[in-house]
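Secondary and tertiary structure notes
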Amino acid sequence: MNADLTRRLHQLGIDYESIGALLLFPLVEVAWADGRMQPAEATRIAAVAQEWDLSEEAMVMVRGWLRYPPSTAYGQRVRDILARLLADGVPFQGPWDAETILREAKAVATVAGSWLPFWRVTDAERQVIDMLKRQLETKERPDATAQGHPDLDRRINQVTLDFDRSRFTDSVRGVIIPDFEQNMRFDVTGLGFTVGASKDADLCIVDSGLEPIHCRFTARGDWHYLEELAGETRVNGERIRARRLLGGETIRLAPLCSFAFKRVRQVDPVQSRV
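A brief structural summary. From a predicted model like this one, the values you see are computed outputs, not experimental measurements. (Residues numbered from 1 in each chain as written. Predicted model: local features only at pLDDT ≥ 70, side-chain atom pairs only at ≥ 80, totals over all residues. Heavy atoms only, no water.)

**Focus on the state of the cysteines**
- One pass over the structure, following the stated rule, counts zero disulfides.
- Of all cysteine sulfurs, the one in Cys-215 lies closest to Cys-257, which takes part in no disulfide; the gap is 8.2 Å.
- Taking relative accessible area as the criterion, Cys-257 reaches 4% and is therefore assigned buried. (Disulfide = S-S within 2.5 Å. Buried < 20%, exposed > 50% of the residue type's maximum accessible area, 1.4 Å probe, protein only.)

Here it is as structure tokens:
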């Protein structure tokens, strides 16, 4: 994949480790077509994920989509990238062909419908399936007037530089940054880092509209995660259940409470001048 496509995937919260989640997104869109995710639909999608042997990192994304419906703008971007990958025949694990994906999407549409075959698929589901068929099979390009997205359309550096030699380690550090001007930042470690309105939170933000313990950041090796505990948590404008953070994300916990997540590249100040 080229650098631009990689950047666009990262804005969606997807990288090489979780790219298999793209295969299930059409199934998710069909399930949400009528405005709700029915238990039978979620069960069917989970079964397909197991059959296709999706990675745990891919399932982190999928579980979030099953709980909260992705926005229209997010869906447009996922479909565009999926169509490009199907057209290019990128050799990732899983059934990267439109026929298989569409067959399973249709199966999701019927699993929770009426016992009468003719009424199993709703009009809304048929519209989504037809749209998927046009874009994934014929590689139809998305409408030039596709809906904008204030966070996904932003170009932000994934990495911030750290010139402090005393903090050099072998692992990649992650930080949340509430205020760039004052250079405020908090390390995300394996011990976990909670944010909320309670004094029991590691980062207490009062009068912010947050829940007492709103969310938790954690690190596992070089990977960093955000988990919603209460209230509403959005990453790049999308409601999340849990999500791996790749760097450069905008995180909003309330209308007046947002910050950035960055990975830290540690640079020797002497070498940086060479």
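**Some details on the nonpolar core**
- Ranked by internal contacts, the top residues of the largest apolar core, which has 49 residues, are Leu-22 and Ile-45.
- Counting residues per element, the ones that place at least two in this core are α1 (3–11), α2 (21–31), α3 (39–51), α4 (56–67), α5 (72–88), α6 (98–111) and α7 (123–137).
- For this core, the element with the highest residue contribution is α2, accounting for nine residues.
- If you look at the next biggest cluster of nonpolar residues, it comprises 19 residues, including Val-195, Phe-217, Ala-219 and Phe-261. (Core = buried A, V, L, I, M, F, W, Y, C linked by side-chain atoms within 4.5 Å. Helix = DSSP H or I, 4+ residues; strand = E, 2+ residues; numbered from the N terminus.)

**Comments concerning the packing of aromatic side chains**
- Inspection of the entire model under this criterion finds five aromatic pairs.
- For the pair Phe-186 and Phe-193, a centre-to-centre distance of 5.7 Å together with 40° between the ring planes defines the contact as tilted.
- Classification of Phe-186 by relative accessible area gives partly exposed; the value is 26%.
- Note on Phe-193: relative accessible area 10%, which makes it buried.
- Three or more aromatic residues joined by ring pairs form one cluster here, namely Phe-25, Trp-65 and Tyr-74.
- The residue whose ring lies beneath Arg-239 is Tyr-68, and the NZ or CZ to ring-centre distance is 4.0 Å. (Phe/Tyr/Trp six-rings, centres within 6.5 Å; stacked < 30°, edge-to-face > 60°. Lys NZ or Arg CZ within 6 Å of the ring centre and 35° of its normal.)

**A look at the pattern of salt bridges**
- What the rule picks out here adds up to 14 salt bridges.
- In this structure, Asp-80 engages Arg-84 in a salt bridge whose closest nitrogen and oxygen atoms are separated by 3.2 Å. Residue Asp-80 and its partner Arg-84 are both found in helix α5; the two are separated by four residues, about one turn of the helix.
- The shortest N-O distance in the salt bridge between Asp-123 and Arg-126 comes to 3.3 Å. Of this pair, Asp-123 and Arg-126 both sit in helix α7, three residues apart, which is roughly one turn of the helix.
- Using a relative accessible area of 56% as the deciding quantity, one classes Asp-123 as exposed.
- According to the relative accessible area criterion, Arg-126 is partly exposed, its value standing at 33%.
- Each of Glu-228, Glu-232, Arg-234 and Arg-239 takes part in salt bridges that share partners, so that together they form one network. (Salt bridge = Lys/Arg side-chain N within 4 Å of Asp/Glu carboxyl O.)

**Overview of the pairing of strand β7 (residues 223–228)**
- As paired elements, strand β6 (residues 215–220) and β7 share six bridges and run antiparallel to each other. Residue Thr-218 lies in a different strand from β7, and its bridge partner there is Tyr-225.
- In this antiparallel pair of consecutive strands, β6 and β7, the connection spans two residues, and Gly-221 shows a positive phi of 65°.
- As paired elements, β7 and strand β10 (residues 242–245) share four bridges and run antiparallel to each other. When the bridges of β10 are listed, His-224 appears paired with Leu-245. (Pairing = 2+ DSSP bridges.)

Any link to function would need more than the numbers given here.
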